[in-house]
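Chain by chain, the residues:
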Amino acid sequence: MTHSGTTKPKGSIAAAPEKIPITLTVNGTEAKLSVAPWTTLLDALRDHLDLTGTKKGCDHGQCGACTVLVDGRRINSCLTLAVMKEGAEVTTVEGLAHNGELHPLQQAFIDHDAFQCGYCTSGQICSAAGLIAEGKAKSADEIRELMSGNICRCGAYPNIVAAIQQAMERS
Amino acid sequence: MASYIGSATSRVDGRAKVTGEAKYAGEFNVPGLVHGYVVDSIIPKGRIVRIDASGALGIAGVIDVLTHSNRPPMADKDDAYKDEVAPEKGSPYRPLYDDRIHFTGQPIALVLAEDWETARVAASQVRIEYQKEAHVTDLHAERTRAYAVDVPEKPRGDAERAFASAAISHAAEYSIPTEHHNPMELFASTAIWENGQLTVYDKTQGVQNVQQYLCKVFNLQPNAVRVMSPYMGGGFGAGLRPQYQVVLTVLAANALKRPVRVMLTRAQMYALGYRPASIERLALGANSGGTLDSMQHEAIAVTSQFEEFARNDTGWGNLLYKSPNAKFEHKLVKLDLPTSCDMRAPGAATGVYALECAMDELAIALKTDPVQLRLQCYSDRHQGEDLPYTSKQLRECYRQGADAFGWSKRNAEPRSMRDGSELVGWGMASGVWEALQVPATVRIVLTANGHAEVATAASDIGTGTYTIMAQVAADMLGLPIDNISVKLGDSTLPQCPVEGGSWIASSVCNAIANTARAVRGDLLELAKATQDSPLSGAGVDDVALIDGKIVSKRDAGRAVSIASAMQSGKAERITREEINQPSEDKSHARNVHSAIFAEVKVDEEIGIIRVTRVVKAVAAGRILNPKTAHSQVMGGVVWGIGMALHEETLYDHRFGRVMNANIAEYHVPVNADIHDIEVIFVDEPDEMVNPLGIKGLGEIGIVGVAAAIANAVYHATGKRVRDLPITLDKVIEFA
């Protein structure tokens with residue numbers, strides 16, 4: 001080390017909690033990992049499984065960038081501890097395309113230019129997949145309302161709605 | 001082959017973004033990565049007396065805690081910390097430098113641990129003893145301390161006397177609160193030392209700006225440092241200057257000789273730059289014929305105690321309206337806050353808001369339609385410089401925007417239009433920005449297989465730079481767009497300034513044209529060397545590259561394929577690099593213009609305001625890609641809606657601290673807030689502004705939108721709210 005000053009006291013005054021082995025099915029593949037109970041599903045995906053397509057925008061469930069599908073339902077993965085999802089099926093943005101063919105929502109987002117910087121996009125697409133599965137949204141107003149947990153700071157909202165409508169029509 | 005320029009082209013980086021393959025600064029997971037977590041100041045001003053890190057260091061997995069007293073060396077001169085876009089005056093903030101506290105949220109320790117969660121919990125165990133000093137953070141309370149900064153707008157005539165004798169006049173004060181950019185991506189950096197080389201993945205709008213800054217701050221050789229930002233999750237101005245996390249990340253990597261990542265929290269990002277709060281005073285005097293005799297605009301904005309950030313809010317009226325008498329003054333108040341910074345259309349988003357609300361109020365006083373007043377005052381010359389414009393299709397913006405909106409059906413009387421239980425209001429405003437250019441260099445490598453790599457050190461912050469560059473290069477080289485690969489966001493690529501000010505499209509695309517011309521010249525020489533060349537005697541500007549061929553412009557039958565020219569010349573590749581310098585011609589003003597029409601519906605009982613329709617007509621020279629251009633302007637309109645109705649950084653001035661430092665209580669527009677937005681691009685050929693006629697679109701989207709909405713709220717309710725944001729508590733009194 002090139003610096004000096006603070007010295008490390010002997011012995012731990014606190015210890016990180018012990019890691020717990022869990023098994024998740026992520027994008028159709030079984031993943032065994034060992035995580036501390038304080039590790040969120042978001043950090044487990046990004047830091048442990050290197051699935052960085054799922055984004056961290058606030059870590060407080062406020063922005064929706066971390067949205068993934070767990071057992072088919074959309075959730076904020078930053079508000080979910082990984083150990084709570086033992087045995088669950090998790091789908092991230094990396095798991096939507098099949099054999100190189102984009103998911104209809106992914107294609108629709110490109111067709112309608114439903115993003116600019118791309119950082120909210122994974123969450124928007126996973127959230128839209130969950131929305132379509134819920135079957136509640138019919139009108140544009142209902143899509144707007146039920147997609148309002150996913151913030152897009154670039155302001156692509158009208159294009160996001162158009163993309164979801166295209167995917168709905170084709171699904 | 002059809003032209004790619006001007007055609008609605010899907011983003012070439014679209015697939016990477018919808019599949020999650022696009023990697024951002026905090027996503028480079030490398031073996032042995034150390035995670036940093038910032039401990040920041042809870043006081044706005046004073047000194048650090050003592051830092052007790054023992055509680056953090058005792059936690060298993062914690063590697064070290066860096067503070068000002070144990071950090072590795074860094075530069076001790078201001079010049080080292082002055083980045084490409086630093087304010088001219090003042091001393092830039094130096095992260096983790098000494099015991100001085102300049103603002104709440106200032107980093108004072110960096111906890112380094114084997115994993116992020118451990119670093120976070122350990123950060124909570126660092127004990128800091130402060131010595132507090134008295135602070136000031138309230139612009140409105142400190143406005144009497146405002147001092148004028150030099151501004152280029154000269155006064156004309158005697159504005160005060162003309163105002164006093166005007167037939168009809170309007171004077172009022174408008175205010176805009178502090179706003180934060182809140183890009184979706186958290187600010188993050190990853191620093192990796194490998195074989196004496198430092199690679200830094202950084203969230204930045206300017207990789208070379210950060211690279212040069214790091215070299216100066218850490219006394220590193222330029223060829224030892226590479227800064228990368230292939231994708232950026234939103235900038236909006238927040239990433240123009242190097243942010244403190246990149247300094248902390250490199251400090252830690254230097255200390256530990258291990259790869260390090262530091263990612264800020266959303267709350268910590270409220271201690272970065274921000275759009276300064278401002279108070280804007282407008283005084284307009286008109287004669288009875290309805291033209292301006294006097295125009296005065298004074299602004300007071302926030303900067304820090306240690307740097308003087310100023311973006312003139314007040315000159316915009318000179319670009320829009322004739323007035324024989326005019327006076328402008330931009331003032332600053334220094335507060336115990338971080339230095340303010342650029343945020344979408346700095347100076348214009350705020351200044352034009354106030355100006356265009358004042359014009360609406362003047363139109364009401366004159367009993368004149370607001371569009372009509374603007375046409376009566378319309379200026380074909382820049383009033384301050386007395387220069388004609390390279391182009392100014394603003395009249396056409398008013399006309400096409402009004403037609404698309406249905407403005408002629410407006411009843412001018414406030415509270416006269418209804419939709420069920422909602423009051424309907426229609427308002428309009430003008431927008432203006434500058435068509436800027438900066439020196440930029442582009443390298444093209446054309447290979448014999450008909451593929452070209454086009455590279456510059458610009459960043460694509462979501463604006464579509466990858467895509468427009470591919471379009472322009474494909475056209476200029478006569479190749480299919482799929483054969484073009486664009487490289488950006490790497491400091492080792494040819495020189496390019498920060499991505500901001502709406503200058504990147506015109507700068508890099510004209511540089512592509514210059515470089516492509518050089519490539520064409522090389523190809524022509526190869527083609528002329530072939531036996532019985534049909535192009536013998538032709539000069540570089542006598543031929544074009546079309547459909548993979550070098551073609552005579554005079555006789556399309558005279559052509560040589562690029563492949564055969566390169567093959568016969570035994571050239572495997574042609575590499576060229578050319579710069580584009582901005583024109584030095586000062587004979588014309590270079591600006592981009594727009595007209596905005598907005599409809600609001602206001603619930604009469606509870607005051608909820610919805611922006612149900614916006615039409616934005618833009619005259620911005622040549623539109624390279626209507627698809628991404630539409631998104632850029634639409635996004636600016638969404639920002640204008642946020643500025644008008646939602647956005648406000650709230651301080652508790654007793655503690656000098658932001659109260660809503662999160663993305664739930666700092667309100668930004670969500671999907672349900674946004675309804676119909678129509679973007680119109682008015683045809684505006686302009687070969688004078690630059691050879692390709694590109695003016696840029698990044699800023700114009702937001703300018704004037706908040707004014708159009710404020711004017712519509714007045715029209716709906718009869719209530720004039722001059723202090724943004726227009727929240728329902730401010731309009732509820734009318735009911």
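Residues numbered from 1 in each chain as written. Chains lettered and ligands numbered in written order. Predicted model: local features only at pLDDT ≥ 70, side-chain atom pairs only at ≥ 80, totals over all residues.

**Student:** For the domain arrangement of chain B, give the residues involved together with the corresponding values.
**Tutor:** All names here are of chain B. Each domain of chain B was delimited in the assignment, giving domain 1 (18–134 + 184–234 + 239–271), domain 2 (278–436 + 586–734) and domain 3 (437–580). Put simply, the middle of domain 1 and the middle of domain 3, counted by C-alpha atoms, are 39 Å apart. The partner domain 3 presents 15 residues to the 17 residues of domain 1 that form the contact. For the side of domain 1 that touches domain 3, the elements supplying multiple residues, two or more each, are α7 (207–217) and β11 (225–228). Tallying contributions element by element places α7 first for the side of domain 1 that touches domain 3, with four residues. Grouping the constituent residues of the side of domain 1 that touches domain 3 by class yields seven nonpolar, eight polar and two charged. (Domains from an automatic or database assignment. Contact = placed C-beta atoms within 7 Å. Helix = DSSP H or I, 4+ residues; strand = E, 2+ residues; numbered from the N terminus. Nonpolar A, V, L, I, M, F, W, Y, C, P; charged D, E, K, R; others polar.)

**Student:** Before we move on, can you summarise the sheet that holds strand β9 (residues 188–194) of chain B with the specific residues and values?
**Tutor:** All names here are of chain B. Pairing is mixed across the open sheet formed by seven strands, whose spatial order is β3-β5-β1-β12-β9-β10-β11. At either end of the open sheet lies a strand with only one pairing partner, and these are β3 (62–67) and β11. Averaged over all neighbouring strand pairs, the angle between strand axes comes to 20°, with direction disregarded. Bridging between β9 and strand β12 (residues 260–263) involves four bridges; their strand directions are antiparallel. Paired with Ala191 across the two strands is Val260, which belongs to β12. Packed on one face of the sheet, α7 meets β10 (197–202) and β11 and runs near 145° to β11. (Pairing = 2+ DSSP bridges. Axes fitted to C-alpha atoms, helices over the stretch in contact; angles between N-to-C directions.)

**Student:** Residue-level account of the interface of chain B and chain A, with values.
**Tutor:** Counting residues at the interface gives 62 residues for chain B, matched by 62 residues for chain A. Elements with a contribution of two residues or more to the side of chain B that touches chain A: α1 (14–19), α2 (54–57), α4 (116–123), α8 (244–256) and α16 (626–645) of chain B. The element contributing the most residues to the side of chain B that touches chain A is α16 of chain B, with seven residues. A breakdown of the residues in the side of chain B that touches chain A according to their chemical character gives 28 nonpolar, 24 polar and 10 charged.

**Student:** Can you break down the confidence of the model for chain B residue by residue, with the values?
**Tutor:** Across chain B, the average pLDDT comes to 97, with 99% of residues at 70 or higher. Taken over the whole predicted complex, pTM reads 0.97, whereas the ipTM for its chain interfaces reads 0.97. (pLDDT = per-residue confidence, 0-100.)

**Student:** Tell me what's going on with the sheet that holds strand β14 (residues 292–304) of chain B, and back it up with residues and numbers.
**Tutor:** Residues and elements named next belong to chain B. Read from one edge of the open sheet, five strands run β7-β15-β14-β13-β8, paired in mixed fashion. At either end of the open sheet lies a strand with only one pairing partner, and these are β7 (147–148) and β8 (168–176). For strand β13 (residues 278–286) and β14, the ladder comprises nine bridges, and the chain directions are antiparallel. Within β14, the residue paired with Ala283 across the bridge is Gln296. Helix α10 (residues 348–366) contacts β8, β13 and β14 of the sheet and is inclined by roughly 150° relative to β8.

**Student:** Let's hear about the domain arrangement of chain A: which residues, and what values?
**Tutor:** Much of the literature gives interface size as the accessible area that the parts lose upon coming together. All names here are of chain A. The assigned domain composition of chain A is domain 1 (20–95) and domain 2 (104–170). Centre-to-centre separation of domain 1 and domain 2, based on C-alpha positions: 21 Å. Contacts between the two partners involve 15 residues from domain 1, matched on the other side by 13 residues from domain 2. For the side of domain 1 that touches domain 2, the elements supplying multiple residues, two or more each, are β3 (67–70) and β4 (73–76).

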